[in-house]
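Overview (structure and organization)
Residue strings, one per chain:
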Amino acid sequence: MADGEPSGAYREFKALVEAADRKFARARDLPLYGGGDHHSRKAFKAYTRLWRLQQDRRRDLVAAGLRRWEIGEVASRIGQLYYARYLRTAEPRSLVGAYVFYEAIYSRGYFAAPAPANANASAAAGGGAKHQGLLIRYKELRFIARFLVVAMLMRRAEAVDHLVARLRSLVQESKSAYPKTNFKEWKQVLQELDRFLKADGAYKGSRSLRYDNLFDSYASNLASIARFHSKRVLKLKEAVLTSYHRNEVKFTELTLDTFRMLQSLEWEPTGSYQIAVKELTENGTMSDQSGPSGLIDIHLSTEISDGNLPSNPQRAIIYHPTVSHLIAVLATICEELSQDSILLIYISASGLADQNAYHKYASSSSSRSRSASAFSIDKPNSHTGLDDHVWLGPRGNGGPNNLYPEDLIPFTRYPLFLVIDSENSHAFKAIHNAEKGEPAALLLSPRIASAMPGVESGNGGQFTYFLTAPMQAFCQLAGITSDIDSDTYANAENIIFSALEQYEEILSTSVGLNIVWGQILPDPFLRRLILRFIFCRAVLFYFHPEEHGEHLPICLPSLPESVSPNAKAIKTPILLLAENLVVSNRFHFGNRT
């Protein structure tokens, strides 16, 4: 094309793309914890300038040869930056920003391959055009996978269903259009996705996993909880979440356990946030794509932010870390903790590298009775050998992949709230009374998961499920596989609501509450975890006919006896819940006193 204004605009556009891509690469390669925000801001600034240019000069750029997928690539990068900011800051507005850009890209078909006008045009396209078409197809596949993660976190059920169907059809179309290309990786992605959605099921139908003031805050207990404010009060401001199991349920680099836990550490948004994003389709049809370029006109208004709620605690979500990587992350975050902060460490991991060996161990240990009381737990850990660590590794065995309780003790110079979901979780009792400055609060999963005989227990950690979605976890434990009618389900949720309210009242008025729990009880997220732990422990206690400590979670320091499973106030709501769901015969209320 001859030199002129259009080509000049296009050259400027390409130069800005190259500069923005360099900044994007630096921001992308940084870990999502411990600083680095300036790289993200620089990348945002570069793409904002680029975005404005393509909006202001769209006619000239299109005339000079700007292709739709190039616009989509810019918008996709902006969406990725928003999503990375969400992971770094837990800011809901950033998650909305990612969704808005991804929805606009999808609805306008920026990555859709244009069909040739006729057969002759198709033949004339040549190998180069076909190669470029394949590259664009890969961009579209990766884009839809990213969009799916954001849609699941946003709980946009219709969008998730629509995107799953599109991803499946796109893989099939790609196999037909490019028969010499191996799309095995994307078939595996579809298998992962199907398994994830089947195991989760929470993205539609059930209540949000996030903290909802309407359901998770009990006004009647606020005065009792306020009494702790006269003493030292710690706030949850940082959390490290990681999960590492062989063949675990995951999609992209988000495992089911961390997916559940990260949502449980966020406020349920209200008002304008929930209506700020339109659904992917309108009346079953695609959104309007009028105009040759499908111009996106997006202005993320401050109205999307929710001024009625406090900030979410920041989370470092680590996918399949090595032990040294996890320790390095913890050290970095602890350096930045404020005086009134407590760090939540959540680890879901296998106890043994050889899963078959563990199943043999679990089978043999479950058949014999333990003489120790399930609630006499303020003792150093007595387990040695194979069950004194959790395993962070893909295969093989050896010390470098073993995370020992001693590895976490140095971090007890700071206030810690530790949640371990593993068959070897009880090994971490060794931390109790071995702290280096601050007494730690520990919630440790049962050594053996519980399930009805012959009923598939599902996927993901059962302990994590109780801490994040107690209603669904109860149904899974009791073997409820058929749909529950809406009235029965609503009654069951009300029973759990009332139970947790009562547990909170007992706990907040207890005179014997350990100071470790007292200084974190005012924090809504940690308080909810504690209440759900009490519920989980009691449910599992009555699920088994005899007292077996291996089937029960434990907490350190001990909670008051008034919230132990034997207490009438703890037992009664669980009995009512089982009767409401017609599963009383699957529990043992009569012989547990």
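Residues numbered from 1 in each chain as written. Predicted model: local features only at pLDDT ≥ 70, side-chain atom pairs only at ≥ 80, totals over all residues. Heavy atoms only, no water.

**Let's talk about the overall build of the protein**
We count it as follows: Numbering of helices and strands runs from the N terminus; a helix is a DSSP stretch of H or I covering at least four residues, while a strand is a stretch of E covering at least two. Under the scheme applied here, a residue whose accessible area is under 20% of the maximum for its type counts as buried, over 50% as exposed, and between as partly exposed, the area being computed with a 1.4 Å probe on protein chains only. Any two residues whose heavy atoms approach within 4.5 Å are treated as being in contact. Accessible surface area values rest on a Shrake-Rupley calculation with a 1.4 Å probe, where residue burial reflects the displayed protein chains alone.
When its secondary structure is counted, the protein shows 22 helices and 10 strands. Burial statistics for the protein: of 593 residues in total, 54% are counted as buried. Here the contacts in the protein between residues at least 6 apart in sequence split such that 80% fall between residues at least 24 apart. As presented, the protein carries roughly 26100 Å² of accessible surface, and 51% of it is formed by carbon and sulfur atoms.

**Description of the sheet that holds strand 10 (residues 554-556)**
Condition: Note on pairing: two strands pair once DSSP finds at least 2 bridges between them. Simply put, an axis is a line fit to the C-alpha atoms, just over the touching stretch for a helix, and the angle between two N-to-C directions goes from 0 to 180 degrees.
The mixed open sheet is built from six strands, whose spatial order is 4-1-5-8-9-10. Both edges of this open sheet fall to strand 4 (314-319) and strand 10, since each of them pairs with a single strand only. When the angles between neighbouring strand axes are averaged without regard to direction, this sheet yields 10°. Contacts from helix 12 (residues 256-264) reach strand 1 (235-244), strand 4 and strand 5 (341-349) within the one sheet, and its direction differs from that of strand 1 by about 170°.

**Section: helix 22 (residues 568-580)**
Since one α-helical turn is 3.6 residues long, residues separated by three or four positions face the same way. Cut-off, in case you're wondering: Expected span of a helix, by definition, is 1.5 Å for each gap between consecutive residues, and there is one gap fewer than residues. What the arc measures is the spread of directions leading from the helix axis to the C-beta atoms.
Taking 1.5 Å as the rise per residue, helix 22 with 13 residues should run 18 Å; its terminal C-alpha atoms sit 18 Å apart, in good agreement. Residues of helix 22 that are buried include every one of Ile570, Pro573, Ile574, Leu577 and Ala578, and no others. In an axial view of helix 22, the angular spread of the buried residues amounts to 140°, which keeps them on one side of the axis. The elements touched by buried residues of helix 22 are helix 18 (470-477), helix 19 (486-508) and helix 21 (524-543). A positive phi of about 55° marks Val582, the residue just after helix 22.

**Section: the pairing of strand 5**
Strand 5 sits mainly inside the fold: nine of its nine residues count as buried. Burial of the side chains of strand 5 extends over both faces: Ser341, Leu343, Ile345, Ile347 and Ala349 are buried on one face and Ile342, Leu344, Tyr346 and Ser348 on the other. Relative to strand 5, strand 1 runs parallel, the two sharing nine bridges. Directly across from Tyr244, in strand 5, lies its bridge partner Ala349. With six bridges connecting them, strand 5 and strand 8 (residues 416-421) associate as parallel partners. Paired with Tyr346 across the bridge in strand 8 is Val419.

**Some details on the pattern of salt bridges**
We count it as follows: Definition used for salt bridges: Asp or Glu carboxyl oxygen within 4 Å of a side-chain nitrogen of Lys or Arg.
The final tally for this structure, using the stated rule, is 19 salt bridges. Among the salt bridges present, the one from Asp29 reaches Arg28, with a minimum N-O distance of 3.4 Å. Judged by relative accessible area, Asp29 falls into the exposed class, the value being 57%. We note a salt bridge from Lys237 to Asp340, for which the minimum N-O separation is 3.2 Å.

**Notes on the packing of helix 19 against helix 22**
Heads up, the rule is: Oblique is the label for any angle not under 35 degrees, not over 145, and not in the 65 to 115 range, which are roughly parallel, roughly antiparallel and roughly perpendicular in turn. Any residue outside Ala, Val, Leu, Ile, Met, Phe, Trp, Tyr, Cys, Pro, Asp, Glu, Lys and Arg is labelled polar, Gly included; the first ten of those are nonpolar and the last four are charged.
Contact geometry of helix 19 with helix 22 gives a least axis separation of 9 Å together with a crossing angle of 175°. Between helix 19 and helix 22, the angle is such that the two are roughly antiparallel. Contacts from Thr488, Asn491, Ala492, Ile495, Ile496, Ala499, Gln502, Tyr503 and Ile506 of helix 19 reach helix 22 at Ala569, Ile570, Pro573, Ile574, Leu576, Leu577 and Asn580. When grouped by side-chain class, the residues that make up the contact of helix 19 with helix 22 number 12 nonpolar, four polar and no charged.

**Some words on unusual backbone geometry**
Excluding glycine, most residues fall at negative phi; most peptide bonds, likewise, are trans. A cis amide bond, omega -10°, links Leu556 with the succeeding residue Pro557. Here Pro557 shows up in the loop between strand 10 and helix 22. We note that Ala90 has phi near 60°; this positive angle belongs to a residue other than glycine. One can find Ala90 in the loop between helix 4 (68-89) and helix 5 (92-107). Its identity is not glycine, yet Arg155 carries a phi of approximately 60°, on the positive side. Here Arg155 shows up in the loop between helix 7 (126-153) and helix 8 (157-177).

**Comments concerning the side chain of Glu73**
Tracing the chain through its elements places Glu73 in helix 4. Apart from the residues lying within four places of it in its own chain, the contact partners of Glu73 are Phe111 and Lys139.

**Some thoughts on the environment of Trp391**
Threshold: Counted as a polar contact is a pair of N or O atoms within 3.5 Å, where, for protein atoms, one must be capable of donating a hydrogen and the other of accepting one, and residues adjacent in sequence contribute only when both atoms are in side chains.
If you trace the backbone, Trp391 turns up in strand 6 (residues 390-391). Each C-alpha atom of the pair Trp391 and Thr322 lies 9.5 Å from the other, and the pair is 69 residues apart in sequence. Within the structure, Trp391 has its side chain in polar contact with the backbone oxygen of Gly393 (distance 2.7 Å).

**Looking at the nonpolar core**
Burial of nonpolar side chains together is a common tendency in soluble globular proteins. Short version of the rule: Only buried residues count toward a nonpolar core. Its members are Ala, Val, Leu, Ile, Met, Phe, Trp, Tyr and Cys residues joined through side-chain atoms within 4.5 Å. The domain boundaries here were taken from an automatic or database domain assignment.
Ranked by internal contacts, the top residues of the largest apolar core, which has 147 residues, are Phe417, Trp517, Phe535, Leu559 and Phe587. Broken down by element, the residue count for this core peaks at 15 residues, all from helix 21. The two domains that each donate at least three residues to this core are domain 1 (8-113 + 127-198) and domain 2 (201-275 + 295-353 + 387-586). Those residues in contact with Trp517 that lie beyond four places of it in its chain are Phe417, Ala441, Leu442, Leu443, Ile530, Cys555, Leu556, Pro557, Ser558 and Leu559. Counting residues in hydrophobic clusters, the runner-up holds 33 residues, among them Val240, Ala316, Ala349 and Leu416.

**A look at the side chain of Gln54**
Looking at the secondary structure, you find Gln54 in helix 2 (residues 37-56). Judged by its relative accessible area of 1%, Gln54 falls in the buried class. Apart from the residues lying within four places of it in its own chain, the contact partners of Gln54 are Phe13, Leu61 and Ile71.

**Considerations on the environment of His325**
Take His325: it is sitting in helix 14 (residues 323-335). Since its relative accessible area comes to 33%, His325 is described here as partly exposed. Those residues within four positions of His325 in sequence are excluded, and the remaining contacts are Tyr33 and Ile318.

**Regarding the packing of helix 19 against helix 21**
The geometry of helix 19 relative to helix 21 is characterised by a closest axis approach of 10 Å and an angle of 110° between their N-to-C directions. Compared by their axis directions, helix 19 and helix 21 come out roughly perpendicular. Between helix 19 and helix 21, the contacting residues are Ile496, Leu500, Tyr503, Glu504 and Leu507 on the first element and Arg527, Ile530, Leu531, Arg532, Ile534 and Phe535 on the second.

**Brief notes about the environment of Lys436**
Position of Lys436 among the secondary structure elements: in the loop between strand 8 and strand 9 (441-444). The class of Lys436 is exposed, set by a relative accessible area of 53%. When the C-alpha positions of Lys436 and Thr412 are compared, they lie 5.4 Å apart, and in sequence the two are 24 residues distant.

**Points about the packing of aromatic side chains**
How we decide: For Phe, Tyr and Trp, rings pair up if their centres lie within 6.5 Å, where Trp contributes its six-membered ring, and each pair is then called stacked (planes under 30 degrees apart), edge-to-face (over 60) or tilted (otherwise). Whether a charge lies above a ring is judged from NZ of Lys or CZ of Arg, which has to be within 6 Å of the ring centre and within 35 degrees of the ring normal.
Evaluated as defined, the whole model comprises 27 aromatic pairs. Between Phe474 and Phe587, the ring centres sit 5.4 Å apart and the planes meet at 5°, which makes this aromatic pair stacked. On the criterion of sequence distance, the pair formed by Phe474 in helix 18 and Phe587 in the segment after helix 22 is long-range, its members being 113 residues apart. For Phe587, a relative accessible area of 5% gives the class buried. Joined through ring pairs, the aromatic side chains of Phe466, Phe474, Phe535, Phe541, Tyr542, Phe543, Phe587 and Phe589 make up one cluster. A cation over an aromatic ring shows up here: Arg77 above the ring of Phe24, its NZ or CZ 4.3 Å from the ring centre.

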